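# Summary of structural features
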Amino acid sequence: MKGMDQVLQIRQVTVLGAGQMGSGIAQTLAQYGYETALYDITEAAVERGMYAIGSSLDRFVKKGKLTKEQQEAAMRKLTPVITLEACRVSDFVIEAIPEQLELKRKLFKDLDRICPPHAILATNTSSLSITAIAGVTKRPSQVIGMHFMNPVPVMTLVEVIRGLATSTDTLATTVALAESLGKTAVRVEDYPGFVSNRILMPMINEAVYAVYEGVASPEAVDQIMKLGMNHPMGPLTLADFIGLDTCLYIMETLHEGLGDSKYRPCPLLRNYVSAGWLGKKTGKGFYSYE
């Protein structure tokens with residue numbers, strides 16, 4: 001059956017959202033030779049994304065992972081854009097905007113209208129329903145989840161998630177694209193949190209409960225998971241790195257989508273988010289980053 005799947009030739013890709021994930025995805029595509037447009041709603045946001053890519057490629061050159069020529073070739077493949085019209089020539093679009101279902105659905109409705117009929121529309125969502133996002137388009141068979149890991153240029157995993165209507169051709173093309181970027185594509189089904197966050201987030205939430213209930217300090221919890229379980233980073237350090245607001249949002253998605261009390265977000269996590277202590281990006285979370 002696999003030999004019968006039609007893999008689409010991909011020449012141009014547009015990445016929507018120039019934040020940490022979007023710029024990382026765009027950088028990786030450009031490094032591997034794809035004509036890549038990086039879109040965001042303001043010029044300032046796109047400029048920040050392009051600057052982040054330039055800095056990241058600089059680090060790769062300094063570490064000897066890329067030559068100066070390869071860096072320059074990658075930068076030539078990138079085009080900053082602030083209008084969705086760029087998608088008119090796209091074979092493949094990867095959306096990496098904030099994790100809000102209605103925001104994504106509105107965007108996919110627009111993309112469906114603008115993109116050429118053959119284009120595949122992928123979402124980098126880490127927990128939302130692919131089926132719900134695809135449902136607003138007239139091409140649900142060409143909508144798929146492509147969940148990259150952070151930082152994208154370094155991490156090799158891509159979770160590839162089929163919605164209810166995703167075709168085998170769309171799946172085959174997406175897997176081929178991920179593999180052409182030096183990634184390992186792992187296929188999962190469309191359930192809240194997929195596999196990565198369905199397992200990771202309850203572990204982080206449980207670590208927060210251990211602090212909340214006075215079992216141990218954040219430092220002690222992290223040390224135990226690092227030294228005892230051989231994790232490269234403790235769960236609370238990781239939560240600060242991801243953003244406590246993102247962790248809370250994913251826990252709420254799991255709790256609502258699966259209806260099981262084991263996914264109930266810890267009250268301490270809610271409190272930290274209410275206080276604006278979101279982790280590294282705000283200078284304070286379970287640890288201080290001042």
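Note that the coordinates shown come from a computational prediction; the quantities given were computed from them, not determined experimentally. (Residues numbered from 1 in each chain as written. Predicted model: local features only at pLDDT ≥ 70, side-chain atom pairs only at ≥ 80, totals over all residues. Heavy atoms only, no water.)

All right, on to the nonpolar core then. Membership of the largest hydrophobic core comes to 35 residues, with the highest contact counts inside it found for I25, L29, F92, I94, M146 and F148. Broken down by secondary-structure element, the contributors of at least two residues to this core are β1 (12-16), α1 (20-31), α2 (43-62), β4 (92-95), β5 (120-123), β6 (143-148), β7 (157-162) and α6 (168-180). In terms of residue count, α2 provides more of this core than any other element does, five residues in total. Sequence-distant contacts of M146, defined by excluding residues within four places in its chain, comprise F92, I94, A122, T123, N124, V158, E159, I161, T174, L177 and A178. Within the second largest apolar cluster, 24 residues are counted, among which are V81, L84, V93 and I161. (Core = buried A, V, L, I, M, F, W, Y, C linked by side-chain atoms within 4.5 Å. Buried < 20%, exposed > 50% of the residue type's maximum accessible area, 1.4 Å probe, protein only. Helix = DSSP H or I, 4+ residues; strand = E, 2+ residues; numbered from the N terminus. Contact = heavy atoms within 4.5 Å.)

With that out of the way, let us pick up the pairing of β6. Every regular strand shows the same layout, with side chains that alternate between the two sheet faces. Burial within β6 is extensive, with six of its six residues counted as buried. Of the two faces of β6, both are covered, the one formed by V143, G145 and H147 as well as the one formed by I144, M146 and F148. Bridging between β6 and β7 involves five bridges; their strand directions are antiparallel. Opposite G145, over in β7, you have I161 as the bridge partner. (Pairing = 2+ DSSP bridges.)

Taken in spatial order, the eight strands make up an open sheet running β3-β2-β1-β4-β5-β6-β7-β8, and their pairing is mixed. In the strand order of this sheet, the two ends are held by β3 (78-81) and β8 (184-189), each with one partner. Adjacent strand axes in the sheet meet at a mean angle of 25° when their direction is disregarded. Here β1 pairs with strand β2 (residues 35-39) via five bridges, running parallel. Along β2, the bridge assignment pairs V13 with T36. (Axes fitted to C-alpha atoms, helices over the stretch in contact; angles between N-to-C directions.)

As a further point, take the pattern of salt bridges. As enumerated under the stated definition, the model contains ten salt bridges in all. Taking the shortest distance from any N to any O, the salt bridge between E95 and K104 comes out at 2.5 Å. Taken individually, E95 and K104 each receive the classification buried, so the pair is uniform in this respect. Among the ionic pairs, D110 bridges to R113, the shortest N-O distance being 3.3 Å. With D110 and R113 both in helix α4 (residues 101-114) and three residues apart, this pair spans about one turn of that helix. Salt bridges here are not isolated pairs; linked through shared partners, they connect E95, E99 and K104. (Salt bridge = Lys/Arg side-chain N within 4 Å of Asp/Glu carboxyl O.)

This brings us to the UniProt feature "domain: 3-hydroxyacyl-CoA dehydrogenase C-terminal" (unreviewed entry) in the protein. Mapped onto the present numbering, the UniProt feature "domain: 3-hydroxyacyl-CoA dehydrogenase C-terminal" (unreviewed entry) falls on residues 193-289. Across residues 193-289 one finds 62% helix and 0% strand; the C-alpha atoms that close the span lie 28 Å apart. (UniProt positions renumbered as here; feature names shortened; annotations may be inferred.)

Here the bond from N150 into P151 is cis, since omega is 0°, no more than 30 degrees from zero. Inspection of the secondary structure puts P151 in the loop between β6 and β7. At F194, a position not held by glycine, the phi torsion is positive, near 55°. In this fold, F194 is placed in the loop between β8 and α7 (196-212). For F194, a relative accessible area of 4% translates into the label buried.

Looking at where D112 falls in the secondary structure, it is placed in helix α4. Only 2.6 Å separates the side chain of D112 from the backbone nitrogen of K138, close enough to count as a polar contact. Setting aside its immediate chain neighbours within four residues, D112 contacts L121, T137, K138 and R139. (Polar contact = N/O pair within 3.5 Å; in protein donor to acceptor, adjacent residues only side chain to side chain.)

A separate point is the UniProt feature "domain: 3-hydroxyacyl-CoA dehydrogenase NAD binding" (unreviewed entry) in the protein. Within this numbering scheme, the UniProt entry marks residues 12-190 as carrying the feature "domain: 3-hydroxyacyl-CoA dehydrogenase NAD binding" (unreviewed entry). Secondary structure across residues 12-190 comprises 41% helix and 22% strand; the distance between its end C-alpha atoms is 27 Å.

Side chains of R59, K62, K63, K65 and K68 sit close together on the surface and give a patch of like positive charge. Within the fold, K62 resides in helix α2. (Patch = residues over 30% accessible without salt bridge, like charges linked within 9 Å, V, L, I, M, F, W, Y side chains within 5 Å. Areas by Shrake-Rupley, 256 points an atom, 1.4 Å probe, with all protein chains shown as cover. Lys, Arg positive; Asp, Glu negative; His and termini not counted. Charge placed at Lys NZ, Arg CZ, Asp CG, Glu CD.)

The interhelical angle for the contact between helix α8 (residues 218-229) and helix α9 (residues 235-242), taken along N-to-C directions, is 105°, at an axis separation of 7 Å. Judged by the angle between their axes, α8 and α9 are roughly perpendicular. The segment α8 lies against α9, with P218, V221, D222 and M225 engaging P235, L236 and T237. Taken together, the residues of the contact of α8 with α9 break down into five nonpolar, one polar and one charged. (Parallel < 35°, antiparallel > 145°, perpendicular 65-115°, else oblique. Nonpolar A, V, L, I, M, F, W, Y, C, P; charged D, E, K, R; others polar.)

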